[in-house]
Every structure is written in structure tokens, then in C-alpha cells.
Amino acid sequence: MRGRSLSILVFLVLHGCAQPPQDAKPMPANEQVATSASPPRKAPSPMQVVILASEDIPAYSTVANAIARQLGKRASIHYLTGSQLENIKAVAKLKNEENTQIVSVGLNASIAAKSLGNKQVIFCQVYNHQDYGLLTPRRKGVSMLPSIPKTFSAWRSLSPSVTDIGVISGPGFDDVIQTARISAKSHGFRLHHKTVNSDKEYQYAYKNMSKMVQAYWLLPDNRVLSEHILRDVMTFSVRNSKQVAVFSDELLKLGGLFSVSSDYHDIANQVIERLEQAGVTDIVPGPDIAYLDKLKLRINVVMAKNLGVEIPEPFRKFAHAP
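This structure is a prediction, so every number in the text was calculated from the model and none was measured.

Chemist: How would you sum up the overall build of the chain? Please name residues and give values.
Modeler: Per the secondary structure count, the chain includes 9 helices and 13 strands. A fraction of 68% describes how many contacts in the chain between residues 6 or more apart in sequence connect residues 24 or more apart. On the chain, roughly 17800 Å² of surface is accessible, and the fraction owed to carbon and sulfur atoms is 53%.

Chemist: How would you summarise helix 5 (residues 174-186) if you had to cite specific residues and measurements?
Modeler: Over its 13 residues, helix 5 extends 18 Å from the first C-alpha to the last, a length consistent with the 18 Å expected when each residue adds 1.5 Å. Its buried side turned inward, helix 5 meets helix 4 (148-158), strand 6 (164-169), strand 7 (190-195) and strand 8 (215-217). Looking at the residues trailing helix 5, positive phi occurs at G188, about 85 degrees.

Chemist: Residue-level account of the layout of surface pockets, with values.
Modeler: Quantified by volume, the largest pocket comes out at close to 1100 Å³. A59, M144, P220, F247 and S248 are the residues nearest the centre of the largest pocket, which is lined by 42 residues in total. Of the residues that constitute the lining of the largest pocket, the class distribution is 23 nonpolar, 11 polar and 8 charged. Counting contributing residues per domain, the lining of the largest pocket is built from domain 1 (23-32 + 146-261 + 296-320) and domain 2 (48-144 + 263-290), each supplying no fewer than three.

Chemist: Tell me what's going on with the pattern of salt bridges, and back it up with residues and numbers.
Modeler: Considering all chains together, one arrives at 8 salt bridges under this definition. Between R223 and D131 there is a salt bridge, with its nearest N and O atoms 2.9 Å apart. Taken together, the residues span a long stretch of sequence, with R223 in the loop between strand 8 and helix 7 (227-239) and D131 in the loop between strand 4 (121-124) and strand 5 (139-142) at a distance of 92 residues. R298 serves as the salt-bridge partner of D249, at 3.5 Å between the closest nitrogen and oxygen.

Chemist: Could you give an account of the pairing of strand 7, with specific residues and numbers?
Modeler: Here 6 bridges tie strand 6 to strand 7, and the two strands are oriented parallel to one another. Bridge pairing links I168 to K194 in strand 7. The parallel pair strand 6 and strand 7 is bridged by helix 5, and the resulting crossover is right-handed.

Chemist: Tell me about the sheet that holds strand 13 (residues 319-320), and name the residues and values.
Modeler: Read across the open sheet, the 7 strands follow the order 7-6-8-9-10-12-13; overall the sheet is mixed. Either end of the sheet is taken by a strand with one partner, and the two such strands are strand 7 and strand 13. Looking at chain direction, strand 9 (residues 243-246) and strand 10 (residues 258-261) are connected through 2 bridges and run parallel. Residue pairing in the sheet places V246 in a bridge with S259 of strand 10. Sheet contacts for helix 6 (residues 199-209): strand 6, strand 7, strand 8 and strand 9; angle to strand 6, the most-contacted strand, approximately 170 degrees.

Chemist: Can you lay out the pairing of strand 5 for me, pointing to particular residues and giving the numbers?
Modeler: Side chains R139 and G141 project from strand 5 onto one buried face, and the interleaved K140 and V142 project onto a second face that is buried too. When strand 4 meets strand 5, the two strands line up parallel, connected through 3 bridges. Of the residues in strand 5, the one forming a bridge with V121 is R139. Pairing analysis gives 2 bridges linking strand 5 to strand 11 (residues 289-290), with the strands arranged parallel. Among the inter-strand pairings, V142 is bridged to a residue of strand 11, identified as A290.

Chemist: An account of the packing of helix 6 against helix 7 is requested, with residue identities and associated values reported.
Modeler: Across the interface, helix 6 lies against helix 7 with an axial gap of 10 Å and an inter-helix angle of 5 degrees. In terms of orientation, helix 6 and helix 7 fall into the roughly parallel class. When helix 6 is examined against helix 7, the residues D199, Y202, Q203, Y206 and K207 are found in contact with a partner set consisting of I229, D232, V233, F236 and S237. Residues of the contact of helix 6 with helix 7, tallied by class, amount to 5 nonpolar, 2 polar and 3 charged.

Chemist: Pulling in residues and values, what's your account of the nonpolar core?
Modeler: In this structure, F152, W155, I165, W217 and F258 are the most contacted members of the largest nonpolar core, which totals 30 residues. Elements represented by at least two residues in this core include exactly helix 4, strand 6, helix 5, strand 8, strand 10 and strand 12 (296-300). Element by element, the count of residues in this core is highest for helix 4, at 5 residues. Discounting residues that sit within four places of it in the chain, I165 has contacts with F152, W155, F189, R190, L191, H192, V213, A215, Y216 and W217.

Chemist: Go over the environment of L85, please, and point to the residues and values.
Modeler: As for its position among the elements, L85 is in helix 2 (residues 84-92). Take L85: its relative accessible area is 54%, and that puts it in the exposed class. Measuring from C-alpha to C-alpha, the distance between L85 and A112 comes to 8.1 Å, with 27 residues separating the pair along the chain.

Chemist: If you had to explain unusual backbone geometry to someone new, which residues and values would you point to?
Modeler: With a phi angle near 55 degrees, N99 is a residue other than glycine that sits in the positive phi range. For N99, the location among the structural elements is in the loop between helix 2 and strand 3 (100-105). Among the residues examined, N99 registers a relative accessible area of 34% and is labelled partly exposed. Not every positive phi belongs to a glycine, and Q125 is a case in point at roughly 60 degrees. Among the secondary structure elements, Q125 is positioned in the loop between strand 4 and strand 5. Looking at Q125, the relative accessible area reads 11%, which means it is buried.

Thresholds, definitions, all that
Within each chain, residues carry numbers counting from 1 in the order of the written sequence. This being a predicted model, a pLDDT of at least 70 is required before a residue's local features are given, and a value of 80 or more before pairs of side-chain atoms are given or counted; all residues contribute to the totals for chains, interfaces and linings. Side-chain figures throughout are based on the complete set of non-hydrogen atoms in the structure, without hydrogens or water. Runs of E in the DSSP output that reach at least two residues are strands. Runs of H or I that reach at least four are helices, and both are numbered from the N terminus. A contact between two residues is defined here by any heavy atoms of the two lying within 4.5 Å. The Shrake-Rupley method, run with a 1.4 Å probe sphere, supplies the accessible areas, and residue values consider only the shown protein chains as cover. Given the number of residues in a helix, its expected span is that number minus one, multiplied by 1.5 Å. The pocket and cavity definitions rest on a 1 Å grid over protein atoms only: a 1.4 Å probe that fits but cannot leave marks a cavity, an open set with protein on both sides within 12 Å along at least five of seven lines marks a pocket, and residues lining either have an atom within 4 Å of a point. Grid points are joined across faces, edges and corners, and a volume is the space filled by probe spheres set on the points. Gly is placed with the polar residues, together with every amino acid not listed as nonpolar (Ala, Val, Leu, Ile, Met, Phe, Trp, Tyr, Cys and Pro) or charged (Asp, Glu, Lys and Arg). In this entry, domain limits derive from an automatic or database-based domain assignment. Here, a salt bridge means any side-chain nitrogen of Lys or Arg that lies within 4 Å of a carboxyl oxygen of Asp or Glu. Strand pairing is assigned whenever DSSP detects at least two bridges linking the two strands. By convention, a crossover is right-handed whenever its connection, traced from the first strand over the helix to the second and viewed with the strands pointing away, goes clockwise. All axes are obtained by fitting lines to C-alpha atoms, using only the stretch in contact for helices, and the reported angles, taken between N-to-C directions, cover 0 to 180 degrees. Three exposure classes are used, based on accessible area relative to the maximum for each residue type with a 1.4 Å probe and protein chains only: buried under 20%, partly exposed in between, and exposed over 50%. Angle categories are assigned with fixed cut-offs, so that under 35 degrees is roughly parallel, over 145 is roughly antiparallel, 65 to 115 is roughly perpendicular, and the rest are oblique. Residue types Ala, Val, Leu, Ile, Met, Phe, Trp, Tyr and Cys, when buried and joined through side-chain atoms within 4.5 Å, form a set referred to as a nonpolar core.

What follows is the structure, given as C-alpha cells:
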């Protein structure tokens, strides 16, 4: 998707001048009635954008700043540092702000923004939005996952022999998994998905799935993937020579073959595009969640060597030893 410029077409009415009949006397100047075209309608003022960030940490502040830089003076950033109840009360004051759109960055800010039922809200940096009922016609989101098609495209370039990939998640991610299945299939992979409800179930499903897959795609679902279980399954993967695509550079140290993470500028572009689309309507048009177009890729050269993966020339710029 690319941003669409919004313009207002102003039609000017041209008035011709008729000549008076020859036998008519011209009206005295002081009695003439002046006529003119109606003044052109003024374009509405640009929408102001309030950016609500859950915390002042890089995962949120970098995205908030990237959005604010593009919007310039139209944007203001507010960090929510209180309890959830305090955040809701603080955000509720925005209800009476006119000509204002809201961007919520992170889960806490997005929950607080639910009190703004009369505003258009775009949320981002939220993984499990289904659990909190964030979606409405006026409140939609931007995915925090990097480009799924490009993830599998890069994987195919790195590993021509891999055929089966496993992925495990908590409930409520049918849309993501369906998109992933289509992308994986288009690149010659079979995707094996299992839904679990706890980290213990995750651990069991991960190891049981090893009989049918050569690789795993980890999703950042902290509902079912605790730090303890994450370390355990990564150790299991290394010992059993399984490729793992992880969701952060830090996880490469635990034995991931490569990491894919979101590009903050990509997130900002998608958020702004949704704001612009919503500016001419009462709702937020388009899909509930807009997917990202890009990704940031890093390859673990140590694991690539251990797994017998030869890094193609175009990908060597992404290779490093964690």
C-alpha cells in the first residue's frame, strides 16, 4: 500500500455579462446591484493527531517519534505512566477535542483509548488485540509482525531444502496463520500450526512437532511463550539441528538461524496511511489489521555454518556472529 493524497476540488462558477437592450437605460451606478460568485469553500483544517504511547521505552518511543516526525506540527506525543485506571481517566479528556485523531502505541495505551468511542483510533505495537476487543469500525490497527511474505521469501533463499515449518501460538490468530499459510505455500513450504493455551502446552507441542518439521517460526506470543520455555525450546532446536526464525536479534544468541523484526518507518507509514484514509470518513476504512510491507533481517553465521546453510551473496550483508 502507498499513501493517497487527499484533495478537495473547488468548482468556480463563471458568470457571463449580458448586454442591456438598446432601448433600456443603464441603471445609475449607485443603484446597481453587484453580483459575484459564491466564495470558494475553505478546505478543512488538517486533523490533529494525538499519539498515546504505553511507556517511554524504545519499542514504543521509536515508533511514536517516527510517526510524529512525518506529521510535523499536527502531532503530539503523550506517554501514559499511571495505572490502567489512571490512564483511562487521562485519555478520556480527549473526548471533547475536535478535529483530532488518535494513535495508540502498545497495549496499555490501546486499552485506554477504548474510552474514546467518538474518535478514530489507529493502534500499533499490539500483538494479541483479540483478547481486549480493540476492533470497532472507528478503531483499527497496524500489525506488529514484519512482512510475512518477505519472511518466507528470505527463508526460501537461505534454505532451498526445507519443506516443513512449524509454528505455535495462543488462540485467536486465524487471520495471521491463514496469511502465513498462503505465503509459505507460495514459496514451497508446508506450514504446520498448533494452537495452545499455556507455556507447558507450547513446550509439549514444540517438541512433538519436531517429528514432521525441519524448522520453526517463532511468534512473539507472551501469553504462551515464557522466558523459561523459550530458552528450553531453543536449546532443543540447537540439539536437534532445527532451523528457527526468531523475532528479535537478541534471540539469535540462543540459536536462531535468522531474526525478522519490524521496521519502525514501515509501521509509521502504515499508521499515517490509515489516518489519511480515515480523515474523509466517519469510520476507519479498510481491513481490521493492515500488514507491514518490510522487515529487518539478521542472520546468525555461526548457526548457518552448524546447520550447513550457505548464505547467498545478496544476504551476506545481513550476516553477523551474535
